[in-house]
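Coordinate inspection notes
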Amino acid sequence: AARIARKLHMAMERDKLFQAPNLSLMSLSQHIGESTNYASQSLNEHLGVSFFDFVNGWRVDASKQMIIEGHHPITVIAYEVGFNSRSSFYTAFKKNTGMTPTSYGARHESRTALSA
């Protein structure tokens, strides 16, 4: 399970599979050369997350710096990191961070202004 978990992390970190809007457990499993059952079991038992929470966590993490930089609208960022809709991005972002993407950006904007 630990070996599969490392392969799952590498597929996200190195290959940026989370950016694929139609990423499925099957396609992720095929990418890492493991069965869907083993990949799912590794996610659930070893990492303690569902497939969707695992992928959305990577997507949210990838969006944070983009939000702070403020070069793109939130909707554009959501699609760039692999979400299919603005609402699913907001839901996942709030679940992972406890705040909306807009609040997250404003919070970091005010910190930057204070340190300048």
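Structure: see above.
Just so it is clear, the model here is predicted, and its values are computed rather than measured. Position numbers for residues start from 1 in each chain and track the written sequence from start to end. Selection of residues for local features in this predicted model requires a pLDDT of at least 70, selection of side-chain atom pairs for listing and counting requires 80 or more, and totals for whole chains, interfaces and linings are taken over all residues. To get the side-chain values, take all heavy atoms of the structure and skip hydrogens and water.

Observations concerning unusual backbone geometry
One non-glycine residue, Lys-16, adopts positive backbone phi at about 55 degrees. In this text, helices come from DSSP runs of H or I with a minimum length of four residues, and strands from runs of E with a minimum of two, each type numbered from the N-terminal end. By the secondary structure assignment, Lys-16 is in the loop between α1 (2-13) and α2 (25-32). A simple rule labels every residue: compare its accessible area, found with a 1.4 Å probe on the protein chains alone, to the largest value its type can have, and call it buried under 20%, exposed over 50%, or partly exposed in between. On the basis of relative accessible area, Lys-16 is assigned to the partly exposed category, the value being 39%.

Overview of the packing of aromatic side chains
Pairing of aromatic side chains requires ring centres within 6.5 Å, counting the rings of Phe and Tyr and the six-membered ring of Trp. Pairs whose planes differ by under 30 degrees are stacked, by over 60 edge-to-face, and all others tilted. Counting across every chain of the model gives 7 aromatic pairs. Ring plane angle 20 degrees and centroid distance 6.2 Å describe the contact between Phe-18 and Trp-58, whose orientation is recorded as stacked. Of this pair, Phe-18 sits in the loop between α1 and α2 while Trp-58 sits in helix α4 (residues 51-69), and the two are 40 residues apart along the sequence. The rings of Phe-83, Phe-89, Tyr-90, Phe-93 and Tyr-104 are connected pair by pair, giving a single aromatic cluster. Note on geometry: a ring has a charge over it if NZ (lysine) or CZ (arginine) is within 6 Å of the ring centre and within 35 degrees of the ring normal. Directly above the aromatic system of Phe-83 lies the positively charged group of Arg-59, at a separation of 5.5 Å from the ring centroid.

So yeah, pure geometry; function would need other evidence.
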